Amino acid sequence: MVVDEPVAEVTLAQVLERPTAEITAALRALSEEYTAAGRGFDLREVAGGWRFYTRAECAALVEKFVRDGQQARLTQAALETLAVVAYRQPVSRAKVAAVRGVSSDGVMRTLVARGLVEEAGTDPESQAVLYRTTSYFLERLGLRSLDELPELAPFLPDDVEILEEQK
């Protein structure tokens, strides 16, 4: 409850001076216990560690209390850009712009400032800065890894292969 990012099982094991397997079992048991008891909070494994979350049924009340009604939502452009980075990473701003069809420089700066995207080195050919999603991105989406991102195929047009070949 005192950290602002997920804590790895191995870290907890080191701090508590207990075997990692014991910590893992305890975390899973606590998570199940909190769910069964219908607590207002949930213990979840996300982004390579464990963290407490507000249970979905209580989220609106907690958000109202904490944020006092203020919303910090991403714009449509930011969501599109974030999706391109998530599925194509590591990716340059130019590649993001090519996929979206518009410049994404300002949006990328916003995503970096919010901690959802970070620099991931440079492209050896073009020397362009490459970007990837962060562990905070995984945490906010409730994912353990990028492998849990949904497949894109059902959302793509039927002629996507033709469109890709024309580029």
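The name that an unreviewed UniProt entry assigns to the chain is SMC-Scp complex subunit ScpB, with the source organism given as Microbispora hainanensis.

> Explain the pairing of strand E2 (residues 49-54) here, please?
Along any regular strand the residues' side chains alternate between the sheet's two faces. Sheet topology note: the strand E1 (residues 41-46)/E2 ladder contains six bridges and is antiparallel. Paired with Asp 42 across the two strands is Tyr 53, which belongs to E2. Taken together, E1 and the strand that follows it, E2, pair antiparallel across an intervening segment of two residues, in which Ala 47 is found at a positive phi of about 50 degrees.

> Would you mind going over the sheet that holds strand E3 (residues 91-92) with me for this structure?
Pairing between the strands of a sheet is mediated by backbone hydrogen bonds and can be parallel or antiparallel. A sheet is described by the order of its strands in space; here three strands give the open sequence E3-E5-E4, paired in antiparallel fashion. Taken across any chain shown, the strands that pair with only one partner, and hence form the sheet edges, are E3 and strand E4 (117-122). Packed on one face of the sheet, helix H4 (residues 76-88) meets E3, E4 and strand E5 (129-133) and runs near 95 degrees to E5.

> I would appreciate a short explanation of the side chain of Ser 92 in the present structure.
Within the secondary structure, Ser 92 sits in strand E3. Residue Ser 92 is classed as buried on the basis of its relative accessible area, which comes to 12%. A polar side-chain atom of Ser 92 sits 3.1 Å from the main-chain amide nitrogen of Lys 95. Non-local contacts of Ser 92, meaning those with residues more than four positions away in its chain, are made with Ala 128, Val 129 and Leu 130.

> Is there a simple way to explain the pattern of salt bridges in this structure?
Within the structure shown, the criterion is met by nine salt bridges. Notably, a salt bridge pairs Glu 22 with Arg 18, separated by 2.9 Å at the nearest N-O pair. Of the charged contacts in the structure, one is a salt bridge between Glu 45 and Arg 28, with a shortest N-O distance of 3.4 Å. Here Glu 45, found in strand E1, pairs with Arg 28, found in helix H2 (residues 20-37); they are 17 residues apart in sequence, far enough to count as distant. Through salt bridges with shared partners, a single ionic network connects Arg 28, Glu 45 and Arg 144.

> How should the packing of helix H1 (residues 9-16) against H2 be read in this particular structure?
Think of two packed helices as two axes; the pair is described by the angle between the axes and how far apart they sit. Viewed as axis vectors pointing N to C, H1 and H2 meet at an angle of 110 degrees, and their least axial separation amounts to 9 Å. One way to sum up the angle between H1 and H2 is to call them roughly perpendicular. The chirality of how H1 crosses H2 is right-handed. Residues Glu 9, Val 10, Leu 12, Ala 13 and Leu 16 of H1 form the contact with H2, whose participating residues are Thr 20, Ile 23, Thr 24, Leu 27 and Arg 28. Taken together, the residues of the contact of H1 with H2 break down into six nonpolar, two polar and two charged.

> Would you mind showing me how to read the nonpolar core here?
As a rule of thumb, nonpolar side chains are buried together in soluble globular proteins. Within the largest apolar cluster, 18 residues are counted, with the highest numbers of intra-cluster contacts made by Leu 82, Val 85, Leu 111, Leu 116, Val 117 and Phe 137. Apart from residues lying up to four places away in sequence, Val 85 is in contact with Val 91, Val 96, Met 108, Val 117, Tyr 131, Arg 132 and Thr 133. Membership of the second largest hydrophobic core comes to six residues, among which are Ile 23, Tyr 34, Leu 43 and Trp 50.

> Which parts of the structure should I look at to understand the confidence of the model for the chain?
Any residue range with low pLDDT should be treated as having predicted coordinates unsuitable for detailed reading. Of the residues in the chain, 87% have a pLDDT of 70 or more, and the chain-wide mean is 85. Counting contacts from residues 159-164, a segment whose pLDDT is below 50, to residues more than four positions away or on other chains yields two contacts.

> Help me out: how do you make sense of the side chain of Thr 81 in this one?
Relative to the elements of secondary structure, Thr 81 occurs in helix H4. Among the residues examined, Thr 81 registers a relative accessible area of 0% and is labelled buried. For Thr 81, the residues in contact, after removing those within four places along its chain, are Val 96, Arg 100, Ser 104, Val 107, Met 108 and Leu 111.

Basis of the calculations
Residues numbered from 1 in each chain as written. Predicted model: local features only at pLDDT ≥ 70, side-chain atom pairs only at ≥ 80, totals over all residues. Heavy atoms only, no water. Pairing = 2+ DSSP bridges. Helix = DSSP H or I, 4+ residues; strand = E, 2+ residues; numbered from the N terminus. Contact = heavy atoms within 4.5 Å. Axes fitted to C-alpha atoms, helices over the stretch in contact; angles between N-to-C directions. Buried < 20%, exposed > 50% of the residue type's maximum accessible area, 1.4 Å probe, protein only. Polar contact = N/O pair within 3.5 Å; in protein donor to acceptor, adjacent residues only side chain to side chain. Salt bridge = Lys/Arg side-chain N within 4 Å of Asp/Glu carboxyl O. Parallel < 35°, antiparallel > 145°, perpendicular 65-115°, else oblique. Left-handed = near helix turned anticlockwise from the far one by under 90°. Nonpolar A, V, L, I, M, F, W, Y, C, P; charged D, E, K, R; others polar. Core = buried A, V, L, I, M, F, W, Y, C linked by side-chain atoms within 4.5 Å. pLDDT = per-residue confidence, 0-100.

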